[in-house]
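Letter by letter, the chains look like this.
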Amino acid sequence: MSYDVVALVAERPDEPAIINALRGVDPELRLHRHKDTGVLQIRDGDGRLLATLEPGRPVEAAGEVERLLGAEVVAGLPDRFWWTETRARPDEQGREVAHRLADRLALTLGGAVWTSGAADFGLWEESEHPAAERAAARAVLVAQDRDVVPFSSWLSDAVATHAGRKTLQVLTPPTARLTYGVRTFLAGPLGRWVVRGQDGGHYDGLTGLAVHWDHTYGFLADKEPSGPNWAAREPGAAPEPGFLVGFAEGAGTQVVVDVSALHPGPAAPRPGRAAEIVAEHLAGHAPAAWGPHEPALREWDRERIARFAAERGPRASILYLAGPLGRGQPLAGQISLTHRGGRLLERVSIVAGFEERESVPFGALPDLVRALAAEGLLESLRVRHVPGHSDTTCGPVWAGPPTPVGVAIGPDRLRAIGLGRAQAGPVRGTLVGEGEDRALWYPVVQDAASPLKGLWLMQRQTDYLASASPG
């Protein structure tokens, strides 16, 4: 697996500082700018790629660095510092160059160095993207040997570079855990989580099923799960031993809230306000940090988020957010911004972690719906919970299906459907709010005797509301 080194330095690691540090490592090394990205490549005298360096990024939210790398690595650093990451080829020369460069940056600029786990050279081959471990015709594989794997700039750029042509596959050891952002992407049709087992084989981190390398599609499952009752039709397709370990019995609880809001124009509330409302009701605090990838290194500021979105113009944006470390419930999530003509569709997905299910504030959900509706930030809402680590990360074990808690529709959809018809579906709604700001909250969990029945009810209610909505 590729070798990652992060230098956290007190002063800005600009290009002259990097060149000076590189000369101190080996005068024969050369720095090149990658043609398709903003990263820098370190090559030897023969032109061999040894490591890839990401330009330094300012750190405004140190809690995010602690969340991903540990508290000890930021000890002694100033309130504001810089994150510089190097991704080395996993052989002796690549590791040595990455280490010595990071050490010299930390020595000259002041700071500390963090390194990933041991690299495995078995799969690495030089490819067209600097983050890739290996590439297939329709997939790119990125290896991450970390305790916590974020949706880093490396992953974000790999997705953007191969958009529409290749899926993203992330390879980790079985000890790694994914952030909510990475897990969300890899659970979709354009991603796959590949885990290297103790025996050297590979399996899917979300299903536990064995996978093998294919030169066209990357890692493929021997039997891809699809359609209803798939497990009954394929009784021999057993997951990796240890994948079904009874994790849910001793785990905490993760609660996920998904909200969509359609802003009518430039005078609408700025992006990020819906995330604040959800975070405050669910975790007891507003987000502390945001960024276009993880770690989210910028202090939470809705004005800056709005400027970032405006600068991108009509292009879609996905932003990542996190809560303050050590205060309230752990929090992570993302905001998706998509333009629809003159309107802006904002989708917010937030996960909060709880050590015990009894501490989840289910009773605050009607107030959450009311608060979103009152500020014109609710088109639809969905809430579910699942056993999981209270820090909001996800490991390669079976946690069971998510349990629906409820769904909601906002004032505009309620007016379009009509109250009578909106109440005629399989789940009886609770009316919240006043006047033109009224919304309907459907507490699915109260009508469900089991998670599977809850999923069935949730789907029936969602289908009913979709069919009842005009247009």
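Use the structure listed above.
Residues numbered from 1 in each chain as written. Predicted model: local features only at pLDDT ≥ 70, side-chain atom pairs only at ≥ 80, totals over all residues. Heavy atoms only, no water.

J.: Any chance you could explain the sheet that holds strand β25 (residues 430-432) here in plain terms?
T.: Note on sheets: strands pair through backbone hydrogen bonds, and any given pair is parallel or antiparallel. Sheet architecture is open: 10 strands sit in the order β19-β18-β20-β21-β22-β17-β23-β24-β26-β25, paired in antiparallel fashion. Two strands bound the open sheet, and with one partner strand each, they are β19 (298-299) and β25. Where strand β17 (residues 252-263) and strand β22 (residues 343-354) come together, 11 bridges link them in antiparallel fashion. Within β22, the residue paired with V259 across the bridge is V348. Where helix α13 (residues 451-468) meets the sheet, it contacts β23 (380-388), β24 (403-409) and β26 (439-442), and its direction lies at approximately 20° from that of β24. (Pairing = 2+ DSSP bridges. Helix = DSSP H or I, 4+ residues; strand = E, 2+ residues; numbered from the N terminus. Contact = heavy atoms within 4.5 Å. Axes fitted to C-alpha atoms, helices over the stretch in contact; angles between N-to-C directions.)

J.: Is there a simple way to think about the packing of helix α1 (residues 15-25) against helix α3 (residues 92-109) in this case?
T.: A packed helix pair is summarised by two numbers, namely the angle formed by the two axes and the spacing between the axes. Two elements in contact, α1 and α3, have axes separated by 9 Å at closest approach and are oriented at 120°. As far as their axial angle goes, α3 and α1 are oblique. In this structure, the crossing between α1 and α3 has a hand that is right-handed. Across the interface between the two elements, A17, I18, A21, L22, G24 and V25 of α1 pack against R100, L101, R104, L105 and L109 of α3. (Parallel < 35°, antiparallel > 145°, perpendicular 65-115°, else oblique. Left-handed = near helix turned anticlockwise from the far one by under 90°.)

J.: Honestly, helix α4 (residues 153-161) in this entry has me stumped. Any pointers?
T.: Working note: α-helix, 3.6 residues per turn, so residues spaced by three or four point in the same direction. Regarding α4, the residues found buried are S153, W154, L155 and A158. Looking at the buried side of α4, the elements it contacts are β4 (49-53), β5 (57-59), β6 (81-88), β9 (139-143), β11 (167-172) and α5 (180-186). (Buried < 20%, exposed > 50% of the residue type's maximum accessible area, 1.4 Å probe, protein only.)

J.: Looking at this structure, I do not really get the packing of aromatic side chains. What am I missing?
T.: Where two aromatic rings form a pair, the distance of their centres and the angle of their planes describe that pair. In the structure shown here, the tally under the stated rule is four aromatic pairs. Plain terms: the ring middles of W290 and F308 are 5.8 Å apart, the flat faces sit at 75° to each other, and that makes the pair edge-to-face. Of this pair, W290 sits in strand β18 (residues 289-291) while F308 sits in helix α9 (residues 302-311), and the two are 18 residues apart along the sequence. Overall, the relative accessible area of 1% leaves W290 in the buried class. A relative accessible area of 18% places F308 in the buried class. Counting every residue linked through ring pairs, the aromatic cluster contains F151, F185 and Y320. Over the face of the ring belonging to W213 we find R134, whose NZ or CZ atom lies 5.2 Å from the ring centre. Note that R298 overlies the ring of W290, its terminal NZ or CZ placed 4.9 Å from the centroid. (Phe/Tyr/Trp six-rings, centres within 6.5 Å; stacked < 30°, edge-to-face > 60°. Lys NZ or Arg CZ within 6 Å of the ring centre and 35° of its normal.)

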